[in-house]
Amino acid sequence: MSWAGPDDVLLSTSLASYLDKKLLVLLRDGRKLLGLLCSFDQFANVVLQDACERVIVGDLYCDIPLGLYVIRGENVVLIGELELDKEELPPHMTRVSVVEIKRAQKAERDATDLKGTMRKRMEFLDFD
């Protein structure tokens, strides 16, 4: 069994400065979560209070409320502090409902799938 030394304490306290602050957490699967940091541990597992998932499709965005949210540390790519008094998004972004953002996500996914299908069908032409 190993004990934490003084250097390990510095690593675990790096998130301590973010406690009770609004954060943006980027996950490995590309999702973006916003919320207040309530707690964390030495594995970078974090607990967000009043969390929401920010979904952005083109110039549309939606914040889907999640409540109290626990995130496993191995899924965290990036954690950054957000300023409470500053506007988070550019002015050209339009806030829409959950239904509208899901529809936009589906349309974007369908367009990507169609592009991939067309590329596969065109492979036989071998333009190289």
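See the structure above.
Quick look at the structure, then.

Conventions and cut-offs
- Residues numbered from 1 in each chain as written.
- Predicted model: local features only at pLDDT ≥ 70, side-chain atom pairs only at ≥ 80, totals over all residues.
- Heavy atoms only, no water.
- Buried < 20%, exposed > 50% of the residue type's maximum accessible area, 1.4 Å probe, protein only.
- Pairing = 2+ DSSP bridges.
- Helix = DSSP H or I, 4+ residues; strand = E, 2+ residues; numbered from the N terminus.
- Salt bridge = Lys/Arg side-chain N within 4 Å of Asp/Glu carboxyl O.

## Focus on unusual backbone geometry
Argument step 1. A positive phi angle is found at Ala44, which is not glycine, with a value near 70°.
Argument step 2. On the basis of relative accessibility, which here comes to 26%, the residue Ala44 falls in the partly exposed class.
Argument step 3. In this structure, Asp50 takes a positive phi of about 55° despite not being glycine.

## So, the sheet that holds strand β1 (residues 22-27)
Argument step 1. The strand order across the open sheet formed by six strands is β5-β1-β2-β3-β4-β6, and the pairing between neighbours is mixed. With one partner strand each, in any of the chains shown, β5 (76-81) and β6 (94-95) form the two edges of the open sheet.
Argument step 2. Of the strand pairs in this sheet, strand β4 (residues 60-71) and β6 are connected by two bridges, and their pairing is parallel. From the neighbouring strand, Leu60 faces β6, where its bridge partner is Thr94.

## Notes on the pattern of salt bridges
Argument step 1. One pass over the structure, following the stated rule, counts five salt bridges.
Argument step 2. One salt bridge connects Arg95 with Asp63, and the closest N-O pair in it is separated by 3.8 Å. Residue Arg95 is found in strand β6, and its partner Asp63 is found in strand β4; the two are separated by 32 residues along the sequence.
Argument step 3. By relative accessible area, which is 52% here, Arg95 ends up exposed.
Argument step 4. With a relative accessible area of 15%, Asp63 lands in the buried category.
Argument step 5. Linking Asp110 and Lys106 is a salt bridge whose minimum nitrogen-to-oxygen distance equals 3.0 Å. With Asp110 and Lys106 both in helix α2 (residues 98-122) and four residues apart, this pair spans about one turn of that helix.
Argument step 6. Judged by relative accessible area, Asp110 falls into the partly exposed class, the value being 37%.
Argument step 7. Owing to a relative accessible area of 46%, Lys106 belongs among the partly exposed residues under this scheme.
Argument step 8. If you follow the salt bridges from partner to partner, you end up with Arg54, Asp63 and Arg95 in one network.

Read these as layout, nothing more, since geometry by itself doesn't imply function.
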